[in-house]
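Listed below, chain by chain, are the residues.
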Amino acid sequence: MKVKQISIFLENKSGRLAQVTRVLGDNGINIRALAIADTTDFGILRLIVNDPDRAYRVLKEAGFTVSATDVIAVEVVDEPGGLAGVLAVLQEASLNIEYLYAFLQKASRAALVVFRVEQLDEAIAALQAKGIRILSGEEVYAL
Amino acid sequence: MYWDREHETMSREQLRALQLERLQLTIERVYRNVPFYRQRFTEMGIKPSSVRSLEDLRRLPFTTKQDLRDNYPFGLFAVPMSDVVRVHASSGTTGKPTVVGYTRNDIYTWAELIARSLVCAGATKFDVVQNAYGYGLFTGGLGLHFGAERLGATVVPVSGGNTQRQLMLMQDFGTTILTCTPSYALYMAEEGQKMGLDFKKLPLKAGIFGAEPWSERMRRQLEEKLDLMALDIYGLSEIMGPGVAMECAEKQGMHIWEDHFIPEIIDPATGEVLPPGEEGELVITTITKEAFPLIRYRTRDITRLDPEPCACGRTHMRIKRITGRSDDMLIIRGVNVFPSQVESVLLEFGETEPHYLLVVDRKANLDNLEIWVEVAEHMFSDTVRKLEDLEHRLRERIESVLGISARVKLVEPNTIPRSEGKAKRVVDRRQI
Ligand SMILES: [Zn+2]
């Protein structure tokens, strides 16, 4: 039920993001989703890719500081209040969201939302108890 | 005008005789009271009686900052602690500072030498000395203070910082002599100009600037902007503090007070003593200090000795402006900084092979220190908050070890240039 996300440390200078995508592209790795969190000095690039283990390896070999983090991906119905329902479940369970980002799927009308919380297993249990669909890693990588 | 005419103008022969007598007493004392020296001398087959002339000094071993560190904090003191009336400290090469001690006589001697130095700048008991060197463990503040009091001048112990207040006191109290780092004096000058202050209308007559390297270019700026005579003062806490050497109004180098210190210039690579006039590392032996005598201490400061007689009448040799260091120490805002201090902090944070760079710049006459740290995988967290927290904790720890503020910048791996496997640790962009 967990999805492996690749995070990369980037300084805020031009060309670094392009460099990451070039390394991945050269190795035939596809990016499924991408989000950047940044401050004035540095940024953290978060990626969902089709092959996280290999992405981790090739980026590290290219000299980047990389880490792999487990996250949860849930399907949120693309209608008003869709996301609010998911957030309410996590809040009720007193689970703190460190960050989240969303992306749209090509095939369906549902959006995918990626969450990072400290207590992943508790979050999964709480969401499943409310009947919210959690995607497996394989499903997400193969999107 | 001299403070101590007898000693400042004594003939070279008399001076050398006095030096030998005092050197022999010092050697005798350290041999008897400091196990470190006794052991070193014994290893080299040297007894106090071996030192029969000043030339014999070069047979004695050097003392280094590492020796001070190995004997931290009081191991090299030559008197019982009950005779030590004060300690000061400066930066060590790692997290621990270098500690020095003074007996009552040492404090008296120091004040005498500062009084001499102030008189070199034309000071008398009618002067108002605004002492903007930092007070505390740093030797600058208290060193100047006691000497100015000894002279009988009126001391304003304002310490460093708070420029608006400095400028207000300077006007209200009629400061005639300013003592601080040259870069801070320039900063004050420019802040004053912005406020519309006309320094030509102030009674300032001399500035005694030290604790960091400066240049003739800065002298011209200081003299023009502040309308005073800008003179260089030399010292280091290990030897005593400020007042080891002081420039006279001739502005041709700093007289090193040879009745208390014996200077040598060596080749830093071989340790060989160089002939007078050649540039090399300054080595100093203290010959009157009681609590913390040092034999052939390697200052790491690069300079030349000028043995030519000076027009001012003082017979003590002069050292030229310090042109560099034989180690990687930096002086930032008057504070000594070693890259290895930063390294020691990174090691505390679990870095096994830290890659870092100290970037120093001078903007509007203020030194800025930025420390670049390459983010290794184990330090990396994928949440911004944790990385910012790391940056914050690193900054706090580095500031507490260095004693000055710094900015920590996390950078990507391989950002910091490596040459022949050895990383470059310092980029100094200051134009002095
Ligand atoms: Zn002179």
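What you are looking at is a predicted structure, and each value in this text was computed from that prediction instead of being measured.

1. Focus: the sheet that holds strand S12 (residues 297–303) of chain B
At step 1: An order of S10-S11-S12-S15 (chain B) is seen for the 4 strands of this open sheet, with the pairing classed as antiparallel. Taken across any chain shown, the strands that pair with only one partner, and hence form the sheet edges, are strand S10 (261–266) and strand S15 (324–325) of chain B.

2. Observations regarding the pattern of salt bridges
At step 1: Evaluation of the coordinates by the stated rule reveals 47 salt bridges over all chains.
At step 2: A:Lys130 is the partner of A:Glu92 in a salt bridge, and the nearest nitrogen-oxygen pair spans 3.9 Å. In this pair, A:Glu92 is assigned in helix H3 (residues 82–92) and A:Lys130 in the loop between helix H4 (120–129) and strand S7 (134–135), connecting sequence segments 38 residues apart.
At step 3: Taking relative accessible area as the criterion, A:Glu92 reaches 61% and is therefore assigned exposed.
At step 4: The exposed category is assigned to A:Lys130, whose relative accessible area is 52%.
At step 5: The salt bridge partner of B:Arg325 is B:Asp327, with a shortest N-O separation of 3.0 Å.
At step 6: Classification of B:Arg325 as partly exposed rests on a relative accessible area of 24%.
At step 7: B:Asp327 gets classed as partly exposed once you look at its relative accessible area, which sits at 26%.
At step 8: One network of salt bridges, in which partners are shared, links B:Glu212, B:Arg362, B:Asp367, B:Asp428 and B:Arg430.

3. Considerations on the coordination of the zinc ion
All names here are of chain B.
At step 1: The protein atoms donating to the zinc ion are Cys248 (SG), His255 (NE2), Cys310 (SG) and Cys312 (SG), with metal-donor distances spanning 2.1 to 2.3 Å.
At step 2: Here the zinc ion is ringed by 4 donor atoms whose angles at the metal span 101 to 115 degrees, and the overall shape comes out tetrahedral.
At step 3: Mapping the donors of the zinc ion onto the primary sequence yields the spacing C-x6-H-x54-C-x1-C. Of this pair, Cys248 sits in the loop between strand S8 (241–247) and strand S9 (254–256) while Cys312 sits in the loop between strand S13 (305–306) and strand S14 (318–319), and the two are 64 residues apart along the sequence.

4. Remarks on the interface of chain A and chain B
At step 1: On the chain B side, the residues contacting the 25 residues of chain A number 21 residues.
At step 2: Between chain A and chain B the total buried area reaches about 1,800 Å² when both faces are included, carbon and sulfur atoms providing 51% of it.
At step 3: For the interface between chain A and chain B, the tally reads 5 salt bridges.
At step 4: One salt bridge connects A:Lys60 with B:Glu377, and the closest N-O pair in it is separated by 2.6 Å.
At step 5: At the junction of chain A and chain B, the tally comes to 12 residue pairs in polar contact (both at pLDDT 80 or more).
At step 6: Mapped by element, the contributors of at least two residues to the side of chain A that touches chain B are strand S1 (3–11), strand S3 (42–49), helix H2 (52–61), strand S4 (66–76) and strand S5 (97–104) of chain A.
At step 7: Of the residues forming the side of chain A that touches chain B, the biggest block, 6 residues, is contributed by S1(A).
At step 8: Partitioning the side of chain A that touches chain B into residue classes produces 10 nonpolar, 7 polar and 8 charged.

5. Digging into H2(A)
Residues and elements named next belong to chain A.
At step 1: When H2 is considered as a whole, its buried residues turn out to be Pro52, Ala55, Val58 and Leu59. An end-on view of H2 places all buried positions within 130 degrees of arc, on one side of the element.
At step 2: In this structure, the buried residues of H2 make contact with S1, helix H1 (16–26), S3, S4 and helix H5 (137–141).
At step 3: Two residues or fewer after H2 comes Gly63, characterised by a positive phi angle close to 95 degrees.

6. Some points on the pairing of S1(A)
Residue and element names in this part refer to chain A.
At step 1: Most of S1 sits inside the fold, with 8 of its 9 residues counted as buried.
At step 2: In the sheet, S1 pairs with S4 via 6 bridges, with the strands oriented antiparallel. Bridged to Val3 within S4 is Val71.
At step 3: Summarising the sheet, S1 and S3 pair through 6 bridges and their orientation is antiparallel. Residue pairing for S3: Phe9 is matched across the bridge by Ile44.

7. Overview of the nonpolar core
All names here are of chain B.
At step 1: Within the largest apolar cluster, 74 residues are counted, with the highest numbers of intra-cluster contacts made by Phe41, Tyr234, Phe261 and Ile284.
At step 2: Sorting elements by how many residues they give to this core places helix H5 (residues 104–120) first, with 8 residues.
At step 3: Filtering out sequence-adjacent residues up to four positions away, Tyr234 remains in contact with Gly241, Pro242, Gly243, Val244, Ala245, Met254, Leu282, Ile284, Thr299, Asp301, Ile319 and Ile322.
At step 4: Ranked by size, the runner-up nonpolar core spans 31 residues in total, among them Leu390, Leu394, Ile404 and Ala406.

8. Here's the deal with the packing of aromatic side chains
Residues and elements named next belong to chain B.
At step 1: Scanning the model with the defined rule gives 10 aromatic pairs over all chains in all.
At step 2: On the basis of an interplanar angle of 15 degrees and a centroid distance of 6.5 Å, the ring pair of Tyr31 and Phe41 is categorised as stacked. Within this pair, whereas Tyr31 is found in helix H2 (residues 12–33), its partner Phe41 is found in helix H3 (residues 35–43), the two being separated by 10 residues in sequence.
At step 3: Classification of Phe41 as buried rests on a relative accessible area of 0%.
At step 4: Relative to Phe77, the ring of Phe74 has its centre 5.2 Å away and its plane inclined at 35 degrees; by these criteria the two rings are tilted.
At step 5: Residue Phe74 is classed as partly exposed on the basis of its relative accessible area of 37%.

Rules of the game
Residues numbered from 1 in each chain as written. Chains lettered and ligands numbered in written order. Predicted model: local features only at pLDDT ≥ 70, side-chain atom pairs only at ≥ 80, totals over all residues. Heavy atoms only, no water. Pairing = 2+ DSSP bridges. Helix = DSSP H or I, 4+ residues; strand = E, 2+ residues; numbered from the N terminus. Salt bridge = Lys/Arg side-chain N within 4 Å of Asp/Glu carboxyl O. Buried < 20%, exposed > 50% of the residue type's maximum accessible area, 1.4 Å probe, protein only. Donors = N, O, S within 2.8 Å, 3.2 Å for Na, K, Ca; no water. Tetrahedral: all angles 85-135°; square planar, octahedral: opposite > 155°, others 65-115°. Contact = heavy atoms within 4.5 Å. Buried area = accessible area lost by both parts, 1.4 Å probe. Polar contact = N/O pair within 3.5 Å; in protein donor to acceptor, adjacent residues only side chain to side chain. Nonpolar A, V, L, I, M, F, W, Y, C, P; charged D, E, K, R; others polar. Arc of directions from axis to C-beta. Core = buried A, V, L, I, M, F, W, Y, C linked by side-chain atoms within 4.5 Å. Phe/Tyr/Trp six-rings, centres within 6.5 Å; stacked < 30°, edge-to-face > 60°.

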